[in-house]
Amino acid sequence: MAIKCIYKICKNIDVVTKLVTEHIVKGNSVKLLSAPVVKEDVLEKEEKKETFYLRSKVDYKKLDETTKQLLLSDFTTPPPFENYDQE
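Residues numbered from 1 in each chain as written. Predicted model: local features only at pLDDT ≥ 70, side-chain atom pairs only at ≥ 80, totals over all residues. Heavy atoms only, no water.

Attention shifts here to the overall build of the chain. When you go through the chain residue by residue, the secondary structure sums to three helices and zero strands. Secondary structure elements of the chain occur, N-terminal to C-terminal, as α-α-α. (Helix = DSSP H or I, 4+ residues; strand = E, 2+ residues; numbered from the N terminus.)

Right under this line is the structure:
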């Protein structure tokens, strides 16, 4: 009976390990599936992020075109160039 339980646990560990490895190889972010400790803290953080986003959006609209272009050129990066023809 105990051997069957150990076998099932090992099999589940293998399945989870394989799944996490696949996500890492594909470049997906892996997050732990656990509930937040205090829901109020999460709501407060989300509210702060939302107000910061809205304030930033309003401030961005107040900028002139040259400043907007400067910000876009300084804080955005083009995707990396990958040459697949070389081997």
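A few words now on a nonpolar patch on the surface. A contiguous nonpolar patch, built from Tyr60, Leu71, Leu72 and Phe75 and spanning about 400 Å² of accessible area, is present on the exposed surface. Residue contributions to the nonpolar patch peak at three residues, all from helix H3 (residues 65–75). Its place among the elements puts Tyr60 in helix H2 (residues 39–62). Using a relative accessible area of 34% as the deciding quantity, one classes Tyr60 as partly exposed. (Patch = residues over 30% accessible without salt bridge, like charges linked within 9 Å, V, L, I, M, F, W, Y side chains within 5 Å. Areas by Shrake-Rupley, 256 points an atom, 1.4 Å probe, with all protein chains shown as cover. Salt bridge = Lys/Arg side-chain N within 4 Å of Asp/Glu carboxyl O. Buried < 20%, exposed > 50% of the residue type's maximum accessible area, 1.4 Å probe, protein only.)

Charged atoms that come close allow side chains of opposite charge to pair. Overall, the coordinates contain three salt bridges when judged by the stated rule. The salt bridge involving Lys49 is made with Glu46; its shortest N-O contact spans 3.2 Å. Taken together, the residues span about one helical turn, with Lys49 and Glu46 both in helix H2 at a distance of three residues. Since its relative accessible area comes to 43%, Glu46 is described here as partly exposed.

On to the packing of aromatic side chains. Taken as a whole and judged by the stated rule, the model has zero aromatic pairs. Its end group placed over the ring of Tyr60, Lys68 keeps NZ or CZ at 5.0 Å from the ring centre. (Phe/Tyr/Trp six-rings, centres within 6.5 Å; stacked < 30°, edge-to-face > 60°. Lys NZ or Arg CZ within 6 Å of the ring centre and 35° of its normal.)

Right, let's talk about the side chain of Lys68 for a bit. Relative to the helices and strands, Lys68 is located in helix H3. Look past the residues within four positions of Lys68 in its chain and what remains in contact with it is Tyr60, Lys61 and Leu63. (Contact = heavy atoms within 4.5 Å.)

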